[in-house]
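Structural description and commentary
So the chains spell out like this:
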Amino acid sequence: MDLNLRLLKALEAVAEEGSMTRAAGRLMMTQQAVSGQIRQLERVAGTPLVRRRSSGVELTAAGQIFVKQGRELLTATTAMVAEARLVGSGLSGRLRIAFKAQSTAHFLPDVEASLRRVAPDVEVEPLAVHTLPDELDALVAGTADAAFLWLPIGDDRRFVTHRLLDEPRWVALPPGHHLASRSSLRVSDLVCEPIVGPRDGMPEAVVKFWFIDPRPDGSRAVYGPQGRTPEECLHLVAAGRGSWIAPASTAAYFPYPRLVWLPLEDAAPLQLALIWRRDSVNPLLDLLLEESRRVTRPTPV
């Protein structure tokens, strides 16, 4: 049986993207090449692994088995290579990682623990920051080697980005808000609703993405007071000065008294990425990326 790991990676990408085209873009291959790899894997399996639908591609029952156990195999292989590389090279040094606690509390401690396991001589230094400009400034100044942050970051070619996970958006509503009894919200529910959040020092395109401006119907978002930190944004919401759109992880991290958090159903998800300077030569960054991807890898359905 000729089972190439590249074939498993192709099937994993197709499963996660739900599309041959998007999987091809992610793998930097042609769609025909990805389709060919899936067919090759199906010949190994002796059964179809995907079904093509008008809405995209979905896994068969056999495909789900291949993705689930294939991920375990890929994870084990990555760990084996990383550990062997470290043993052989004696890698040591320091990794300074900029992060927002509310965005990374659900996975960053596991990433650090995994790094300590596979590279006990590597020192990890966390650097807590509050805003996108803070993170980018730390990378530019050299006080951080890498950063976990939300995309987009604007048209800044000084950095390389590696997407790790997607999260839905949630909305924090003021006490007694007329929408608070809902189980979820749509973007159209926020018409004329002032939205608080950081704006100073951020590219205009980034601000518009977070504030969902313009709205799907072409209307403009209403900009409320600025809050530079999550704590400031939550205070503004609690004071009745607007609502705040934030990632689901932030909603879980800040169960602020008297406020109501509701999921925003029809908004584009937020993407968390690991980034570093394009000119960086720190050999530990690839290891950080490997362990971050392993920890944040989605559970197969």
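Structure: above.
In this report, we go over the structure that sits alongside the text. (Residues numbered from 1 in each chain as written. Predicted model: local features only at pLDDT ≥ 70, side-chain atom pairs only at ≥ 80, totals over all residues. Heavy atoms only, no water.)

**Quick look at a nonpolar patch on the surface**
Just so we agree on the cut-off: Two distance rules govern patches: like charges are joined within 9 Å, and nonpolar side chains (Val, Leu, Ile, Met, Phe, Trp, Tyr) within 5 Å, applied only to residues with over 30% relative accessible area and no salt bridge. Here, Shrake-Rupley sampling with a 1.4 Å probe gives the accessible areas, and only protein chains in the shown set may cover a residue. The working definition used for a salt bridge is a side-chain nitrogen of Lys or Arg within 4 Å of a carboxyl oxygen of Asp or Glu. Secondary structure elements follow DSSP: runs of H or I no shorter than four residues count as helices, runs of E no shorter than two count as strands, and numbering proceeds from the N terminus.
There is a patch of nonpolar side chains on the surface, built from Leu3, Leu5 and Leu73 and spanning about 200 Å² of accessible area. With respect to the helices, strands and loops of the structure, Leu5 is situated in helix α1 (residues 5–17).

**Some points on the sheet that holds strand β11 (residues 260–263)**
The line we're drawing: By this definition, two strands are paired if DSSP reports at least two bridges between them. Between two residues, a contact is recorded if the distance between any of their heavy atoms is within 4.5 Å. Working convention: axes come from line fits to C-alpha atoms, limited for helices to the stretch in contact. Angles between N-to-C directions cover 0 to 180 degrees.
One open sheet holds the 5 strands; their spatial order is β9-β8-β10-β7-β11, and the pairing between them is mixed. Because the sheet does not close on itself, it has two edges, and the strands there are β9 (222–223) and β11. Bridging between strand β8 (residues 194–196) and strand β10 (residues 243–247) involves 2 bridges; their strand directions are parallel. The partner of Val196 across the bridge, within β10, is Trp244. In the packing of helix α9 (residues 230–238) onto the sheet, the strands contacted are β7 (169–173), β8, β10 and β11, and the crossing angle to β10 comes to about 145°.

**Let's talk about the pairing of strand β2 (residues 56–59)**
Two strands pair when backbone bridges link them, and strand β1 (residues 50–53) and β2 are joined in this way by 4 bridges, in the antiparallel orientation. By the bridge assignment for β2, Arg52 is matched with Val57. The turn joining β1 and β2, which pair antiparallel and follow one another in sequence, is formed by 2 residues.

**Comments concerning the packing of α1 against helix α2 (residues 20–27)**
Stated precisely, the cut-off is as follows: Note on terminology: angles under 35 degrees are roughly parallel, angles over 145 are roughly antiparallel, angles of 65 to 115 are roughly perpendicular, and the others are oblique. Two helices that cross are described as forming a left-handed crossing if the nearer one is turned anticlockwise from the farther one by less than a right angle, and a right-handed crossing if clockwise.
Contact geometry of α1 with α2 gives a least axis separation of 8 Å together with a crossing angle of 125°. When the interaxial angle is binned, α1 and α2 end up oblique. α1 and α2 meet at a crossing whose hand is right-handed. Note on element contacts: α2 touches α1 through Met20, Arg22, Ala23, Arg26 and Leu27, opposite Lys9, Ala10, Glu12, Ala13, Val14, Glu16 and Glu17.

**Comments concerning unusual backbone geometry**
To keep it simple, the criterion reads: A 1.4 Å probe rolled over the protein chains alone gives each residue an accessible area, and that area as a share of the maximum for its type sets the label: buried under 20%, exposed over 50%, partly exposed in between.
Cis geometry marks the peptide bond from Leu151 to Pro152, where omega comes out at 0°. In this fold, Pro152 is placed in the loop between β5 (146–151) and β6 (159–167). Asp213 connects to Pro214 through a cis peptide bond whose omega is 5°. Secondary-structure assignment places Pro214 in the loop between α8 (204–211) and β9. Positive phi, normally seen in glycine, also occurs at Cys192, with a value near 65°. Residue Cys192 is classed as exposed on the basis of its relative accessible area, which comes to 65%.

**Some words on empty space enclosed by the protein**
Note the threshold: The distinction between a cavity and a pocket rests on a 1 Å grid over the protein atoms alone: a 1.4 Å probe fits inside a cavity but cannot get out, while a pocket stays open yet meets protein on both sides within 12 Å along at least five of seven lines, and a residue with an atom within 4 Å of a point counts as lining. Grid points are joined across faces, edges and corners, and a volume is the space filled by probe spheres set on the points. In this classification, Asp, Glu, Lys and Arg are treated as charged, Ala, Val, Leu, Ile, Met, Phe, Trp, Tyr, Cys and Pro as nonpolar, and every other residue, Gly included, as polar.
All chains considered together, the criterion is met by 2 cavities of 30 Å³ or more. Computed from the structure, the largest cavity encloses a volume of approximately 360 Å³. Forming the walls of the largest cavity are 27 residues, and the residues nearest its centre are Lys100, Trp150, Pro198, Trp210 and Trp244. Of all elements in the fold, only α5 (101–104), α7 (132–141), β5, β8, α8, α9 and β10 reach the threshold of two or more residues within the lining of the largest cavity. Element by element, the count of residues in the lining of the largest cavity is highest for β10, at 4 residues. Considered class by class, the residues forming the lining of the largest cavity number 17 nonpolar, 7 polar and 3 charged. One number sums up the size of the second largest cavity: a volume of about 40 Å³. Looking at the second largest cavity, the residues that line it are Leu8, Leu11, Glu12, Phe66, Val67, Gly70, Arg71 and Leu74. With 5 residues, helix α4 (residues 61–89) is the largest single contributor of residues to the lining of the second largest cavity. Across the lining of the second largest cavity, the residue classes tally to 5 nonpolar, 1 polar and 2 charged.

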